[in-house]
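Letter by letter, the chains look like this.
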Amino acid sequence: MARPRIPIDWEELEKLCHMQCTQEEIASWFGCSVDTLDNAAKRELNMRFSEYWEQKKAGGKSSLRRRQWTMAENNPTMAIWLGKQYLGQTDKSETTGK
């Protein structure tokens, strides 16, 4: 006789992916293995769990990026950091020779 299936709350799982949780952390949250999540994803979503995880994780990154850009409007430190990351800007210190 097979074990009862662990119910997967896909909305909760998506939130965990958005927070950049690892597959192992998500499995632990649901009290199961990554293989169990993989089997559930194949059965319910017609895809591998790793594919689902990558898709949803990317959504979290774009959400974080959007918040950073909004913060940069009122936070000079964030604006400088984003300039360094995306525009190749650097801090230049000038030294004078004696």
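Let me begin by describing the structure that accompanies this report. All values reported here derive from a predicted model rather than from experimental measurement.

So, about the overall build of the protein chain. Broken down by element type, the protein chain carries five helices and zero strands. In sequence order, the secondary structure elements of the protein chain are arranged as α-α-α-α-α. For a compact globule of 98 residues, the expected C-alpha radius of gyration is about 13 Å, and the protein chain comes in at 21 Å, more than 25% above that figure. When the backbone C-alpha atoms are referred to their principal axes, the protein chain occupies close to 85 × 30 × 20 Å. Within the protein chain, buried positions represent 27% of all 98 residues. Across the protein chain, every contact between residues at least 6 apart in sequence was considered, and the portion connecting residues at least 24 apart equals 43%. Total accessible area on the protein chain stands at roughly 7,700 Å², and carbon and sulfur atoms take up 51% of it. Both charge centroids of the protein chain, one from 15 positive and one from 14 negative side chains, sit 3 Å from each other.

Evaluated as defined, the whole model comprises two aromatic pairs. Ring geometry for Trp-10 and Tyr-52: centres 5.3 Å apart, planes at 75 degrees, overall edge-to-face. Here Tyr-52 lies in helix H4 (residues 49–72) and Trp-10 lies in helix H1 (residues 10–18), a separation of 42 residues in the sequence. Both residues of the pair, Trp-10 and Tyr-52, belong to the buried class. Here Trp-69 and Tyr-86 contribute two aromatic rings whose centre-to-centre distance is 6.0 Å and whose plane-to-plane angle is 35 degrees, an arrangement assigned as tilted. With Trp-69 in helix H4 and Tyr-86 in helix H5 (residues 76–87), this residue pair connects regions lying 17 residues apart in the sequence. Note on Trp-69: relative accessible area 44%, which makes it partly exposed.

Every α-helical turn comprises 3.6 residues, leaving residues that sit three or four positions apart pointing alike. Under the 1.5 Å per step criterion, the end-to-end length of H4 is 35 Å for 24 residues, consistent within 8% with the ideal 34 Å. Those residues of H4 not exposed but buried are Phe-49, Tyr-52, Trp-53, Lys-57, Gly-60, Ser-63, Gln-68 and Ala-72. Residues of H4 that are buried in the fold lie against H1, helix H2 (23–30), helix H3 (34–45) and H5.

So, on to unusual backbone geometry. Despite not being glycine, Gln-20 shows a phi value in the positive range, around 65 degrees. The topology assignment puts Gln-20 in the loop between H1 and H2. Given the relative accessible area of 33%, Gln-20 is considered partly exposed. Non-glycine residue Asn-46 carries a positive phi angle of around 60 degrees.

Conventions used here
- Residues numbered from 1 in each chain as written.
- Predicted model: local features only at pLDDT ≥ 70, side-chain atom pairs only at ≥ 80, totals over all residues.
- Heavy atoms only, no water.
- Helix = DSSP H or I, 4+ residues; strand = E, 2+ residues; numbered from the N terminus.
- Rg over C-alpha atoms; globule rule 2.2 N^0.38 Å.
- Buried < 20%, exposed > 50% of the residue type's maximum accessible area, 1.4 Å probe, protein only.
- Contact = heavy atoms within 4.5 Å.
- Areas by Shrake-Rupley, 256 points an atom, 1.4 Å probe, with all protein chains shown as cover.
- Lys, Arg positive; Asp, Glu negative; His and termini not counted.
- Charge placed at Lys NZ, Arg CZ, Asp CG, Glu CD.
- Phe/Tyr/Trp six-rings, centres within 6.5 Å; stacked < 30°, edge-to-face > 60°.
- Expected span 1.5 Å × (residues − 1).

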